[in-house]
Amino acid sequence: MGDQPRLVASDIDGTLLRDDRTLSSRTAAVLARISAAGTPVVLVTGRPIRWLQLVYDQLAAPLPAICANGAVVYDPATDEVLRADPLAPELLAEVARRLRAEVPGVSFAVEIVDSRQMRHETHYPMRWDADAEAIRAIESPEELLAAPAVKLLVRAGEQDPDVFVRVVAGALEGLAEATHSSYSGLIEISAAGVTKAAGLAWYAARLGIDERDVLAFGDMPNDLPMLTWAGRAVAVANAHPAVLEIAHEVTGPNTEDGVAAYLEQVFEVD
């Protein structure tokens, strides 16, 4: 398998977590062993900061995280945002204008305050339990665009995400990044140049680590930039076809501790 990596980066949902959003004790143990032995581990996710606690509760110790598809780099030890690359209000306004013109029935939500809070249009479908303090519907259309947003979320009813993302990306070409990480038709938009790869590259450079020495795991199209950038890219067996196509190697599925099994081999953990 070549030299040991100097940095391990993993997506969370569909990769590290099982389908019921639990982290196996085997996975938690191998991540703790690797970290304790001196190889940094970083989570690289589309999730906002406020959704990390579910994962941290299942880890031996919280791990640094690159959130919102690369827009936010977060240090849980100090509860500090080390870097944020939001969409400015005027850019948000232009993105929203283009998509409203292009996509019938479109609705929006924004991740603001470095993804600690969310605002959504009243007709935007909420798929998870709402946190009344952090998440609420906007009271006027202007409020959606009032603050910098580390991510804009776009829905338009049930859509094939692979088709819908091309429509959205086409409308926003040169203006912003569009990707997806689910099969529900949700499209995630970041500022131009903001991807999981960009966030991870910044973090690795901060540690003095070259991309050749980075081992990355993922499962969905929002992981493609990171997996293309990293020296060693591993897909879980349940990954999207586009991810399986570009990965250097494939490990077991997320339901069978695929990431843990791969790491145990690379780091010779019993």
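These numbers were taken from a predicted model, which means no experiment stands behind them. (Residues numbered from 1 in each chain as written. Predicted model: local features only at pLDDT ≥ 70, side-chain atom pairs only at ≥ 80, totals over all residues. Heavy atoms only, no water.)

**Structural notes on the sheet that holds strand β10 (residues 176–179)**
On the basis of which strands lie adjacent, the open sheet formed by six strands has the order β8-β7-β6-β9-β11-β10 and mixed pairing. Each edge of the open sheet carries a strand with a single partner, namely β8 (135–137) and β10. Each adjacent strand pair in this sheet contributes to an overall mean axis angle of 20°, direction not counted. Summarising the sheet, strand β6 (residues 107–112) and strand β7 (residues 117–120) pair through four bridges and their orientation is antiparallel. The partner of I112 across the bridge, within β7, is Q117. (Pairing = 2+ DSSP bridges. Helix = DSSP H or I, 4+ residues; strand = E, 2+ residues; numbered from the N terminus. Axes fitted to C-alpha atoms, helices over the stretch in contact; angles between N-to-C directions.)

**Thoughts on helix α3 (residues 89–102)**
Over its 14 residues, α3 runs 20 Å from end to end, which matches the ideal 20 Å to within 8%, given 1.5 Å per residue. Those residues of α3 that sit buried are L91, L92, V95, A96 and L99. What you see down the axis of α3 is that its buried residues fit within an arc of 130°, all on one side. Exposed positions of α3 whose direction lies more than 90 degrees from the buried face are E90, R97 and A101. (Expected span 1.5 Å × (residues − 1). Buried < 20%, exposed > 50% of the residue type's maximum accessible area, 1.4 Å probe, protein only. Arc of directions from axis to C-beta.)

**What about the sheet that holds strand β12 (residues 214–218)?**
Overall, mixed pairing links the eight strands, which are arranged β5-β4-β3-β2-β1-β12-β13-β14 in an open sheet. In this open sheet, the two edge strands, each paired with only one partner strand, are β5 (80–84) and β14 (249–251). On average, adjacent strands in this sheet sit at an angle of 25° to one another, irrespective of strand direction. Looking at chain direction, strand β3 (residues 65–67) and strand β4 (residues 72–75) are connected through three bridges and run antiparallel. The residue bridging C67 from the neighbouring strand is V72, located in β4. Strands in contact with helix α9 (residues 258–266) are β1 (7–10), β12, β13 (232–236) and β14; relative to β12, the strand with the most contacts, it is inclined by about 160°. (Contact = heavy atoms within 4.5 Å.)

**Concerning the packing of α3 against helix α5 (residues 161–171)**
As a packed pair, α3 and α5 sit with axes 9 Å apart at the nearest point and diverge in direction by 125°. Considering their axes alone, α3 and α5 lie oblique with respect to each other. Considering the relative orientation of α3 and α5, their crossing is right-handed. Every residue of α5 that contacts α3 at R98, L99 and E102 is listed here: V167, V168 and A171. Considered class by class, the residues forming the contact of α3 with α5 number four nonpolar, no polar and two charged. (Parallel < 35°, antiparallel > 145°, perpendicular 65-115°, else oblique. Left-handed = near helix turned anticlockwise from the far one by under 90°. Nonpolar A, V, L, I, M, F, W, Y, C, P; charged D, E, K, R; others polar.)

**Side note on the nonpolar core**
Counting residues in each nonpolar core, the largest one holds 85 residues, and the members touching the most others are L99, I189, L200 and L263. L200 has contacts with L7, A9, V42, V44, I66, V214, M226 and W229, leaving out every residue within four places of it along the chain. One finds A109, M118, I135 and L186 within the second-largest nonpolar core, a separate group that totals seven residues. (Core = buried A, V, L, I, M, F, W, Y, C linked by side-chain atoms within 4.5 Å.)

**Remarks on the pattern of salt bridges**
Pairing between side chains becomes possible if they bear opposite charge and their charged atoms approach one another. Per the counting criterion, the structure on display carries 15 salt bridges. Here R83 ties to D85 by a salt bridge, and the two come within 3.1 Å at their closest N and O atoms. K151 is paired through a salt bridge with E188; the nearest N and O atoms lie 2.9 Å apart. Of this pair, K151 sits in strand β9 (residues 149–155) while E188 sits in strand β11 (residues 187–191), placing them 37 residues apart in sequence. An identical accessibility class is assigned to K151 and E188; each is buried. Bridged by salt links that share partners, the residues D11, K196 and D223 form one connected network. (Salt bridge = Lys/Arg side-chain N within 4 Å of Asp/Glu carboxyl O.)

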